[in-house]
Amino acid sequence: MNVLVVEDEERIAQFLRKGLTEKGYTVETVKDADSAMARFEMETFDLVILDLLLPGSRDGLDLCRALRARGVRSKILMLTARDTVENKIEGLDAGADDYLVKPFSFRELVARLRALARRTEVEEPGPIAFGDLTYDPESREVSREGERIRLTAREGALFELLLRRRGKVVSRSEIQARIWEDSFDLSTNIIDVYINALRKKIDSGERDKVIQTVRGVGYRLRPVGAEE
Ligand code: CA
């Protein structure tokens, strides 16, 4: 489990880094919302511990909303010194999964993280929304601007893998391992064939293309209409 700690108070950030590392988590710390967004450009985190009051133009609530608008599905635990029902509702409305009031006990924090981690292991059933489209894994149907597009089983599996990564790059080797279970040589162009088929069905005729090639690495989906 990797955790991103967004906390400007050095003492608390270090305390969390040390404690969580000892518990076996991989921990990174950043001090403000912009640095957190920059880290999310590069990586996926399972859990985010997010302080409500941050320096700079965006506070924890803004960051939380921005992450969710980008399709980030990491579990977010909000930390705050304020303890009112309104603050709690505000945090949860912004997309946080849980809420802990400072000062907190480290044992409670770890227990909350464990509970959140358990929830990440269960993939949410039902249609997946992404930018201007939704995908229903059960019917393998993409809805985009009122149009319904049916995918084959393999196309659906590939599209769902990209979707579940919410805008992160998925490497060709991972696509091969997850969708074809290493049953072919990576030098074949079968991934390109399937990506082209998806493009034809989902992106042809659209001004904003969802499926992007990241040269030399793999593919990712770009949310259409999401805030940058
Ligand atoms: Ca703070």
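Treat the numbers as computed from the prediction; the structure is a model and nothing was measured.

About the cut-offs
The numbering scheme is per chain: residues are counted from 1 as the chain's sequence reads. Per-residue local features of the predicted model are confined to residues with pLDDT of at least 70, and side-chain atom pairs are confined, for both listing and counting, to 80 or more; whole-chain, interface and lining totals are unaffected and use all residues. Working from all heavy atoms in the structure, the side-chain values ignore hydrogens and water. Nine residue types can take part in a nonpolar core, namely buried Ala, Val, Leu, Ile, Met, Phe, Trp, Tyr and Cys, and a core is a set of them joined through side-chain atoms within 4.5 Å. Only protein chains enter the accessibility calculation, which uses a 1.4 Å probe; a residue is then buried when its area is under 20% of its type maximum, exposed when over 50%, and partly exposed in between. Per the convention used, a helix needs a DSSP run of H or I reaching at least four residues, while a strand needs a run of E reaching at least two, with both numbered from the N terminus. Whether two residues are in contact is decided by their heavy atoms: any pair within 4.5 Å suffices. Each axis is a line fitted through C-alpha atoms, and for a helix only the stretch in contact is used; angles between axes span 0 to 180 degrees, taken between their N-to-C directions. Working definition: roughly parallel below 35 degrees, roughly antiparallel above 145 degrees, roughly perpendicular at 65 to 115 degrees, and oblique for all remaining angles. Less than a right angle of anticlockwise turn of the near helix away from the far helix marks a crossing as left-handed, whereas a clockwise turn marks it as right-handed. For this classification, the nonpolar set comprises Ala, Val, Leu, Ile, Met, Phe, Trp, Tyr, Cys and Pro, the charged set comprises Asp, Glu, Lys and Arg, and every other residue, Gly included, is treated as polar. Donor atoms: N, O and S within 2.8 Å of the metal, or within 3.2 Å for Na, K and Ca. Because water is excluded, sites can look incomplete. The start and end points of each domain follow an automatic or database-based domain assignment. Reported buried area values correspond to the accessible surface (1.4 Å probe) lost by two parts on association, with both partners' losses combined. Salt bridges are identified by distance alone: a Lys or Arg side-chain nitrogen within 4 Å of an Asp or Glu carboxyl oxygen. Residues with no salt bridge and a relative accessible area higher than 30% make up the patches, which join like charges within 9 Å and nonpolar side chains (Val, Leu, Ile, Met, Phe, Trp, Tyr) within 5 Å. Areas reported as accessible are Shrake-Rupley estimates using a 1.4 Å probe. Residue values count occlusion only from the protein chains shown. The charge count includes Lys and Arg as positive and Asp and Glu as negative, but it does not include His or the ends of the chains. Working definition for charges: the position is that of NZ of Lys, CZ of Arg, CG of Asp or CD of Glu. Stacked, edge-to-face and tilted labels apply to pairs of Phe, Tyr and Trp rings (six-membered ring for Trp) whose centres lie within 6.5 Å, assigned for plane angles under 30 degrees, over 60, and everything in between, in that order. Pairing between strands is defined by DSSP: at least two bridges between the two strands are required.

Engineer: So what about the nonpolar core? Which residues, and what values?
Structural biologist: Core analysis: the largest hydrophobic core is formed by 25 residues, its most contacted members being Leu133, Val142, Leu151, Phe159, Leu163, Ile175 and Leu221. Looking at this core, the element that brings in the most residues is helix α6 (residues 153-164), giving 5 residues. Residues within four places of Leu151 in sequence aside, it is in contact with Tyr135, Arg140, Val142, Gly156, Phe159, Leu198, Lys201 and Ile202. Core analysis: the second largest hydrophobic core is formed by 23 residues, Leu4, Ala33, Met37 and Leu54 among them.

Engineer: Before we move on, can you summarise the packing of helix α2 (residues 33-42) against helix α3 (residues 60-69) with the specific residues and values?
Structural biologist: Interaxial distance between α2 and α3 falls to 10 Å at its minimum, and their mutual angle equals 20°. With respect to α3, the axis of α2 lies roughly parallel. Crossing handedness for the pair α2 and α3: right-handed. Across from Ala33, Ala36, Met37 and Phe40 in α2, the residues of α3 making contact are Leu63, Ala66 and Leu67. Taken together, the residues of the contact of α2 with α3 sort by class into 7 nonpolar, no polar and no charged.

Engineer: Account for unusual backbone geometry, naming residues and giving values.
Structural biologist: For the bond running from Lys102 to Pro103, omega is -10°, close enough to zero to count as cis. Within the secondary structure, Pro103 is located in the loop between β5 (98-101) and α5 (106-121). The phi torsion at Arg140 lies on the positive side, around 55°, for a residue other than glycine. Locating Arg140 in the fold gives a position in the loop between β7 (133-136) and β8 (141-144). For Arg140, a relative accessible area of 28% gives the class partly exposed.

Engineer: Give me the lowdown on the coordination of the calcium ion, citing residues and values where you can.
Structural biologist: Four donors placed tetrahedrally about a metal ideally form angles of 109.5 degrees, and six donors placed octahedrally ideally form angles of 90 or 180 degrees. Distances from the calcium ion to its protein donors, Asp8 (OD), Asp51 (OD) and Leu53 (O), fall at 2.0 to 2.3 Å. All donors of the calcium ion belong to a single chain; written as a sequence motif, their spacing is D-x42-D-x1-L. Judged by relative accessible area, which is 3%, Asp51 ranks as buried.

Engineer: Outline the domain arrangement of the chain, supporting the account with residue identities and numerical values.
Structural biologist: Domain assignment breaks the chain into domain 1 (2-118) and domain 2 (128-221). Centre-to-centre, using C-alpha coordinates, domain 1 lies 30 Å away from domain 2. Each side of the interface is counted separately: domain 1 has 7 residues, and domain 2 has 4 residues. Of the roughly 490 Å² buried where domain 1 meets domain 2, counting both sides, 46% is carbon and sulfur surface. Area buried by domain 1 at its contact with domain 2 is led by Thr44, Gly71 and Arg73, which between them contribute 66% of it. Between domain 1 and domain 2 we count 0 salt bridges in total.

Engineer: Residues and numbers for a positive patch on the surface, please.
Structural biologist: On the surface, a cluster of positive charge is made up of Lys23, Arg107, Arg114 and Arg118. Along the chain, Arg114 turns up in helix α5.

Engineer: Break down the packing of aromatic side chains for me, with residues and values.
Structural biologist: Following the criterion strictly, the structure yields 3 aromatic pairs and no others. Between Phe40 and Phe45, the aromatic rings sit 5.3 Å apart at their centres with planes inclined by 65°, giving edge-to-face as the arrangement. Judged on exposure class, the residue Phe40 and its partner Phe45 are both buried.

Engineer: Kindly report on the pattern of salt bridges, identifying the contributing residues and their values.
Structural biologist: Tallying each qualifying case throughout the model produces 24 salt bridges. Asp62 serves as the salt-bridge partner of Arg65, at 3.4 Å between the closest nitrogen and oxygen. One end of the pair is Arg65 and the other is Asp62, both in helix α3 and 3 residues apart, which spans about a single turn. Residue Arg65 is classed as partly exposed on the basis of its relative accessible area of 39%. Accessibility expressed as a relative area gives 28% for Asp62, which makes it partly exposed. Between Arg112 and Glu108 there is a salt bridge whose closest N-O contact spans 2.6 Å.

Engineer: Tell me what's going on with the sheet that holds strand β12 (residues 218-221), and back it up with residues and numbers.
Structural biologist: Backbone hydrogen bonds hold the strands of a sheet together, and the pairing may be parallel or antiparallel. Ordered in space as β10-β12-β11, the 3 strands form an open sheet in which the pairing is antiparallel. Looking at which strands have only one partner, the edges of the open sheet turn out to be β10 (170-171) and β11 (211-214). Bridge count between β10 and β12: 2 bridges; the pairing is antiparallel. Counterpart to Ser171 in the pairing with β12 is Gly218. Running over the sheet, α6 touches β10 and β12 and is turned about 70° from β12. Most of the contacts of helix α8 (residues 190-203) go to β11, to which it runs at about 145°, and overall it touches β11 and β12.

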